[in-house]
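# Descriptive structure summary
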Amino acid sequence: MADAGESRPDLVVVGSGFFGLTIAERCASELGLKVLVLERRSHLGGNAYSEIDPETGIEVHIYGTHLFHTSNEKVWEYVNRFTTFTNYQHRVFGKYQGQVYSLPMNLALINQFFGRSFTPDEARALIAEQSSEIDTLDATNLEEKAISLIGRPLYEAFIKGYTAKQWQTDPRELSADVITRLPVRYTFDNRYFNDTHEGLPTDGYAAWLTRMAEHPNIEVRLDTDFLDESNGLREEFTGKVPIVYTGPVDEYFANSEGRLSWRTVDLERETVDVDDFQGTGVVNYNDEDVPYTRILEFKHLHPERTYLPGKTIVVHEYSRFAEEGDEPYYPVNTAEDRAKLLAYRDRAKAEPLVLFGGRLGTYKYLDMHMAIGSALSMFENKLRPHFAEGAQLTSGGVDA
C-alpha cells in the first residue's frame, strides 16, 4: 500500500471493512482517485479479519465465523477479482437435551425429533397442525409468532432457549417483528444457505482484504480514529473532500440523539489437544441452561488444508447487549432505536460531503455480500457521477 504523499486525498474512507474497501478500490481503480482509508483497529477488514494461528496453522476468524455466500452475480464477479473460493458448503448442527440435530429445521430433524419416519407431506401436515394453535396475525410477541409458524414443540426445543440467550430477554417480551419467518424444509437438504454461490476465500480473508487495498492510489492508516479530536483529521477533511464514513452513526454525532442499541458477542478461544473436537464448524447449543450460544471449530472450514495433528482451536460464543467500548455486531432495532435513527438520518443529510454506509453507518445487519453490493451501488449511483461528471454529492445515505 503506497503512501499517497502529503497532498490532500480526493476521497477519505473511514473504516476498512468490506464496504469501505470496496469504495476505496473502485474509486482508485475506476476513477484514478487518491483515497485515504482510516482504520481505528490495528488491521484491515473489520469483523471479517482472520489470521493464521502460529502454533496450529489454523485460520482463525477473530470476530466469529464468516461464511461467504451470494446470489448477486455482480457481487460474485467483483469478489472473484481478488480471491478464488473453495467449494465449502456451510452446515450447522444444534444440540438439545444431549442429542445433536441437523439444522436448519428439515425432514431429518423432524424425523429424529418426533421419533418416526415422515414423508414430506406428512411432516408438512404435522407442522401445520401444531402451528394452528396460534394465528400468525394474532401473535403479540416472538414466542407466539414462532409457535404460529412452526408449532410449540419445535419452538421450545430449537428457538426458545437459543433466543433467550441471544437476546438475554424472555422471548415473550420480544417483539413479534424480530422474526419474519422460520423456514422448515420438507426435504433432507441441510445446506445452511440457499445462495447460488458459496465458499471460503482459498488463502483466507486477510489475504483477500489486503489485495483489495493494494492499489497504489490507496493509502491505509491503521490505529487511526477519525473521530479522535487529538489527531485533527476530522477537522482537516470534513467539508473539504468527500468522506465515506462506515463507523457507528451515533458515534459520529457524539450520541447526540442517544446511543443506538446493539448486540455484541464474547468469544472465548481455546487450543484443545485433540484432532477434532466436534466434527463440524458450528454447533448451536439450544438448551437455555448452557450459557454459550454456539461452539466454533475453525479447522472444519478448510478441510483441504494440512494441520498440525493432535491440535484444534475451538471458540465458545456468548451473546449480550453491547455496552460502551464493545464491538457492535447486530442492531437491536427497537422502536426507540428507529426513532433515534430517523433523527440521525436528518443530521446526516446536513453534513457537508459525507456519505454513511456499511453495517455500522446504516444501523442495518448486512452480510458480507450485502455490504459489498451496497458499496458498489453507492459507487455507481453517487461517487462516480460526482467525480466523473461533476454531479452534486448529496450527503446522507444512512438509509441506504
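Residues numbered from 1 in each chain as written. Predicted model: local features only at pLDDT ≥ 70, side-chain atom pairs only at ≥ 80, totals over all residues. Heavy atoms only, no water.

## Considering the overall build of the protein chain
The helix and strand tally for the protein chain stands at 13 helices and 16 strands. Rg of the C-alpha trace for the protein chain: 23 Å, near the compact-globule value of 21 Å for 400 residues, within the 12% margin. With the principal axes as the frame, the protein chain shows a C-alpha extent of 70 × 55 × 35 Å. In the protein chain, of all internal contacts separated by at least 6 residues, the share reaching a separation of at least 24 is 73%. (Helix = DSSP H or I, 4+ residues; strand = E, 2+ residues; numbered from the N terminus. Rg over C-alpha atoms; globule rule 2.2 N^0.38 Å. Contact = heavy atoms within 4.5 Å.)

## Quick word on the domain arrangement of the protein chain
Looking at the protein chain, the domain boundaries give domain 1 (11–88 + 200–261 + 331–397) and domain 2 (106–178). Placing the centre of domain 1 and that of domain 2 at their C-alpha centroids yields a distance of 36 Å. (Domains from an automatic or database assignment.)

## Let's talk about the nonpolar core
Core analysis: the largest hydrophobic core is formed by 105 residues, its most contacted members being Ile23, Val35, Phe68, Trp208 and Leu383. Looking at this core, the element that brings in the most residues is helix 13 (residues 368–389), giving eight residues. Discounting residues that sit within four places of it in the chain, Val35 has contacts with Leu11, Val13, Ala24, Cys27, Ala28, Asn217, Ile218 and Glu219. Ranked by size, the runner-up nonpolar core spans eight residues in total, among them Val272, Val290, Tyr292 and Tyr318. (Core = buried A, V, L, I, M, F, W, Y, C linked by side-chain atoms within 4.5 Å. Buried < 20%, exposed > 50% of the residue type's maximum accessible area, 1.4 Å probe, protein only.)

## Section: helix 11 (residues 335–349)
Between its first and last C-alpha, helix 11 extends 22 Å over 15 residues, near the 21 Å set by a 1.5 Å rise per residue. Here helix 11 has its buried residues at Asp337, Lys340, Leu341, Tyr344 and Ala348. Here the buried residues of helix 11 occupy an arc of 105 degrees about the axis, which is enough to place them on one side. Across helix 11 from its buried face, at more than 90 degrees, point the exposed residues Ala335, Asp346 and Lys349. Looking at the buried residues of helix 11, the elements they touch are helix 10 (249–252), strand 16 (354–356) and helix 12 (358–362). (Expected span 1.5 Å × (residues − 1). Arc of directions from axis to C-beta.)

## As for unusual backbone geometry
Of note, the bond from Leu103 into Pro104 is cis; its omega dihedral lies within 30 degrees of zero at -10 degrees. Mapped onto the elements of the fold, Pro104 is located in the loop between strand 7 (99–103) and helix 3 (107–114). Of note, Leu353 is a non-glycine position whose phi angle comes to about 60 degrees, a positive value. Within the element layout of this structure, Leu353 appears in the loop between helix 11 and strand 16. Positive phi values are uncommon outside glycine, yet Tyr363 reaches one of about 55 degrees. Locating Tyr363 in the fold gives a position in the loop between helix 12 and helix 13. For Tyr363, a relative accessible area of 3% translates into the label buried.

## Describing the sheet that holds strand 16
Strand order in the open sheet formed by five strands is 9-2-1-10-16, with parallel pairing between adjacent strands. What marks the edges here is a single partner per strand, and that holds for strand 9 (218–221) and strand 16. The mean inter-strand angle of the sheet, taken between neighbouring strand axes irrespective of direction, is 20 degrees. Here strand 2 (residues 35–38) runs beside strand 9; their pairing, made up of four bridges, is parallel. Bridging from a neighbouring strand, Val35 pairs with Ile218 of strand 9. Lying over the sheet, helix 1 (residues 18–31) contacts strand 1 (11–14), strand 2, strand 9 and strand 10 (243–245), oriented at roughly 160 degrees with respect to strand 1. The strands that helix 13 touches are strand 1, strand 10 and strand 16; relative to strand 16, the one it contacts most, it runs at about 170 degrees. (Pairing = 2+ DSSP bridges. Axes fitted to C-alpha atoms, helices over the stretch in contact; angles between N-to-C directions.)

## Side note on helix 13
The end-to-end C-alpha separation of helix 13 is 30 Å, in line with the 32 Å expected for 22 residues at 1.5 Å each. Bending of helix 13 peaks at approximately 45 degrees at the position of Leu383, with proline Pro385 no more than four residues after it. Among the residues making up helix 13, those that are buried are Met368, His369, Ala371, Ile372, Gly373, Ala375, Leu376, Met378, Phe379, Leu383 and Pro385. The first or second residue beyond helix 13 is Gly390, which carries a positive phi of 80 degrees. (Bend = angle between axes of the 7 residues up to and from the residue.)

## Here's the deal with the pairing of strand 2
Where burial is concerned, the two faces of strand 2 agree: the one with Val35 and Val37 and the one with Leu36 and Leu38 are both buried. The sheet contact formed by strand 1 and strand 2 spans four bridges and is parallel. Within strand 2, the residue paired with Val14 across the bridge is Leu38.

## Topic: the packing of aromatic side chains
Throughout the structure, instances matching the rule amount to 26 aromatic pairs. An angle of 25 degrees between the planes, with centres 5.8 Å apart, marks the rings of Phe253 and Phe356 as stacked. Taken as a pair, Phe253 in the loop between helix 10 and strand 11 (262–272) and Phe356 in strand 16 lie far apart in primary sequence, 103 residues in all. Here Phe253 matches Phe356 in class, with each residue buried. Each residue in the set Phe18, Phe68, Trp76, Phe85, Tyr205 and Trp208 is aromatic and connected to the rest through ring pairs, giving one cluster. Above the plane of the ring of Phe118 lies Arg116, whose end atom (NZ or CZ) is 4.2 Å from the centre. The ring of Tyr252 carries the charged tip of Arg234 above its face, separated from the ring centre by 4.1 Å. (Phe/Tyr/Trp six-rings, centres within 6.5 Å; stacked < 30°, edge-to-face > 60°. Lys NZ or Arg CZ within 6 Å of the ring centre and 35° of its normal.)

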